[in-house]
Amino acid sequence: MTQSSVGIRLENVSAVFRHPDRGLVPAVREIDLEVRPGELLTLLGPSGCGKTTTLRMIAGFQEPSEGTIHIGDKDVTRVPANRRDIGFVFQNYALFPHLSVFENVAYGLRVRRMKPVEIAPAVDQVLAMVGLDGFGGRLPSELSGGQQQRVALARAIVIRPRVLLFDEPLSNLDAKLRLQMRDEIRKLQKMLGTTAVYVTHDQDEAMAISDRIAVMEDGRISQIGTAEDLYRRPASAFIAQFIGRANLLAGTVVERSDGMVTLETAGQRSAFRSAVLAVPGETLCAVLRPESISIGNTGDGMVAKVASSTYLGDKIEYSVIVGEDALKIVRFDPPEAERFEAGEEVRIRFPREGVQLLPAKR
Ligand SMILES: Nc1ncnc2c1ncn2[C@@H]1O[C@H](COP(=O)(O)OP(=O)(O)OP(=O)(O)O)[C@@H](O)[C@H]1O
Ligand SMILES: [Mg+2]
């Protein structure tokens, strides 16, 4: 974090769109969100959940129908976009096609009336930062998609904004470039110390790039935390399945004592350490990550039947049946003795600690 990093605060922010047929459509509903100074926070969620709308309200491209937005100590709710001191990187790059790379990047500085003698070194410096040394004279049409996105990034950072906003900046790039660019964006953001909000619907990307992730669902933020918080302690079945892969094993609570909750599924019991206020007779779902379930052919554990076994080199993926549920299991590089084929009866064991128990889906 640099000295000048600022936080962003959204309080009770909503956005409503007027739709010709459907009337007023809420896109964002009463959001409270705090982005810490120097932090990269990601808004993650499925299509239509309100990510872009939230980002556009922070940028000032869209006025909230309710609530306030602060950048640093300043209430910017009614401040126009061009006075919010923000750099925005769009999915489609949004470069000026008729301007050279140099002029695309210089544009924001010219608008700010920077002296021409200061513009050239500033532009050259950010072009070097994004790996585009010597590309200043080209037109956007003479660049690859990845290079165009670098120009867009350079254009956003050259004005040294207090806040950087990214809306799915990598989704037009191929898979390999996406991985490379996300590392570069993260490095650059940390080096500059600029507070950033990043929008994606790709959970891998969110986990790799973010300090914290806010999961959005239907216009609301349903959970906010580090990638590890969300993976280990998902607040809902939706989040459990959205962040990584998860088995949701439903069971009836048969006992609760000494901080352990015992669930019964298909006549078989398993106990988990949990602080949830479980009532005997109620149904809960255990969030079981595929890599946390062990599989063997002896000892205790639940009896299950292997439905499929897929060898993938570094790991084997199993699907096993318990009662009416199919569970995914992943074992990394298991020894020969721990490999099972479809049709075999096996014993599966769950971790007793660190398993999240959630109310069953209705
Ligand atoms: N200008 C608009 N007029 C009317 N409705 C809109 C407008 N912009 C967005 N919406 C609606 O608001 C909701 C949220 O849209 P938003 O673009 O914020 O979603 P998103 O999370 O960014 O989705 P995606 O991942 O598809 O980009 C959607 O239901 C969308 O149809
Ligand atoms: Mg969007």
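Residues numbered from 1 in each chain as written. Chains lettered and ligands numbered in written order. Predicted model: local features only at pLDDT ≥ 70, side-chain atom pairs only at ≥ 80, totals over all residues. Heavy atoms only, no water.

### Overview of the environment of Val158
In plain terms, the rule: Only DSSP runs of H or I with at least four residues qualify as helices, and only runs of E with at least two residues qualify as strands; both kinds are numbered from the N terminus onward. Between buried and exposed lies partly exposed: a residue is buried under 20% and exposed over 50% of the maximum accessible area for its type, with that area taken using a 1.4 Å probe on protein chains only. Any two residues whose heavy atoms approach within 4.5 Å are treated as being in contact.
The topology assignment puts Val158 in the loop between helix H4 (145–157) and strand S7 (163–167). Note on Val158: relative accessible area 7%, which makes it buried. Sequence-wise, Val158 and Ser309 are 151 residues apart; in three dimensions their C-alpha atoms are separated by 52 Å. When sequence neighbours within four positions are dropped, the list of residues in contact with Val158 reads Val105, Leu109, Ala122, Val123 and Val126.

### What about the site of ligand 1?
Under the convention used in this document: Whether a residue is near a molecule or strand depends on its heavy atoms: if one lies within 4 Å, it is near. We define a polar contact as two N or O atoms separated by no more than 3.5 Å, with the added condition that, inside protein, one atom must be a possible hydrogen donor and the other a possible acceptor, whereas residues neighbouring each other in sequence contribute only through side-chain atom pairs. Note on areas: Shrake-Rupley, 1.4 Å probe, and residue coverage restricted to the protein chains presented here. As a working rule, the residues Ala, Val, Leu, Ile, Met, Phe, Trp, Tyr, Cys and Pro are called nonpolar, Asp, Glu, Lys and Arg charged, and the rest polar, with Gly in that last group.
Taken together, Phe17, Ala27, Pro46, Ser47, Gly48, Cys49, Gly50, Lys51, Thr52, Thr53 and Glu168 make up the full set of residues adjacent to ligand 1. Within the backbone of Gly48, one N or O atom sits 2.7 Å away from an oxygen atom of ligand 1. A distance of 2.8 Å separates an oxygen atom of ligand 1 from a polar side-chain atom of Thr52. Starting from 630 Å² of accessible surface for ligand 1 in isolation, the protein chains cover 62%. Among the elements that make up the shell around ligand 1, the one with the highest residue count is helix H1 (residues 51–59) (three residues). Residues belonging to the shell around ligand 1 are distributed by class as follows: four nonpolar, five polar and two charged.

### Digging into the side chain of Gln148
Among the structural elements, Gln148 can be located in helix H4. At 3.2 Å, the side chain of Gln148 forms a polar contact with the backbone oxygen of Leu143. Apart from the residues within four sequence positions on either side, Gln148 is in contact with Tyr93, Leu95, Pro140 and Leu143.

### Digging into the nonpolar core
Selection rule: Side-chain atoms within 4.5 Å are what join buried Ala, Val, Leu, Ile, Met, Phe, Trp, Tyr and Cys residues into a set we call a nonpolar core.
Counting 37 residues, the largest nonpolar core has Val105, Val123, Leu153 and Phe166 as its most contacted members. For this core, the secondary structure elements donating two or more residues are helix H2 (101–111), helix H3 (116–129), H4, S7, helix H5 (175–192) and strand S8 (195–200). Element by element, the count of residues in this core is highest for H4, at six residues. For Leu153, the residues in contact, after removing those within four places along its chain, are Val89, Val130, Phe166, Met181, Ile185 and Leu188. Counting residues in each nonpolar core, the second largest holds 28 residues, with Leu10, Val28, Ile58 and Ala59 among its members.

### A closer look at the pairing of strand S17 (residues 315–322)
We apply this condition: When DSSP finds at least two bridges between two strands, those strands are taken to pair.
In the sheet, strand S16 (residues 302–311) pairs with S17 via six bridges, with the strands oriented antiparallel. Its bridge partner lying in S17, Tyr311 is registered against Ile316. Linking S16 back to S17 in an antiparallel pair, the connection comprises three residues, with Gly313 at a positive phi of about 85 degrees. Sheet analysis places S17 next to strand S18 (residues 325–332), joined by eight bridges and oriented antiparallel.

### Quick word on the domain arrangement of the protein
We apply this condition: The split of the chain into domains comes from an automatic or database domain assignment. When two parts are brought into contact, each loses some accessible area as probed by a 1.4 Å sphere; the total of that loss over both is the buried area. Salt bridges, as used here, are contacts in which a Lys or Arg side-chain nitrogen is within 4 Å of a carboxyl oxygen on Asp or Glu.
Each domain of the protein was delimited in the assignment, giving domain 1 (8–241) and domain 2 (245–359). Put simply, the middle of domain 1 and the middle of domain 2, counted by C-alpha atoms, are 40 Å apart. Each partner contributes residues to the interface: domain 1 has 10 residues there, and domain 2 has nine residues. Summing both sides of the interface, domain 1 and domain 2 together bury roughly 760 Å²; the carbon and sulfur share of this comes to 49%. Contact with domain 2 buries surface across domain 1, with Tyr231, Ala240 and Gln241 losing the most and accounting together for 58% of the total. Our count for the domain 1 to domain 2 interface comes out at zero salt bridges. At the surface where domain 1 touches domain 2, the tally comes to four residue pairs in polar contact (both at pLDDT 80 or more). Of all the secondary structure elements, the ones that give two or more residues to the side of domain 1 that touches domain 2 are helix H7 (227–232) and helix H8 (237–242). Tallied by class, the residues present in the side of domain 1 that touches domain 2 amount to six nonpolar, two polar and two charged.

### Observations concerning the environment of Tyr311
With respect to the helices and strands, Tyr311 occurs in strand S16. Here the alpha-carbon distance between Tyr311 and Arg150, two residues 161 residues apart in the chain, equals 39 Å.

### Focus: the packing of H2 against H4
Put simply, the rule reads: With axes taken as lines fitted to C-alpha atoms, and helix axes fitted only over the stretch in contact, angles between N-to-C directions fall between 0 and 180 degrees. Any angle between 65 and 115 degrees counts as roughly perpendicular, while under 35 counts as roughly parallel, over 145 as roughly antiparallel, and the rest as oblique. By definition, any crossing whose near helix is turned counterclockwise from its far helix by less than a right angle is left-handed, and any crossing with a clockwise turn is right-handed.
Closest axis-to-axis distance for the H2/H4 pair is 7 Å, and the angle between their directions is 25 degrees. For the element pair H2 / H4, the angle class is roughly parallel. The crossing of H2 and H4 is right-handed. Mapping the contact onto sequence places Val101, Asn104 and Val105 in H2 and Val151, Ala154 and Arg155 in H4. For the contact of H2 with H4, the per-class residue count stands at four nonpolar, one polar and one charged.

### Comments concerning the side chain of Thr54
Structurally, Thr54 is set in helix H1. Of note is the side chain of Thr54, whose polar atom sits 2.8 Å from the backbone oxygen of Gly50. Discounting chain neighbours no more than four positions away, the residues touching Thr54 are Leu10, Val28, Ile31, Leu43 and Met216.

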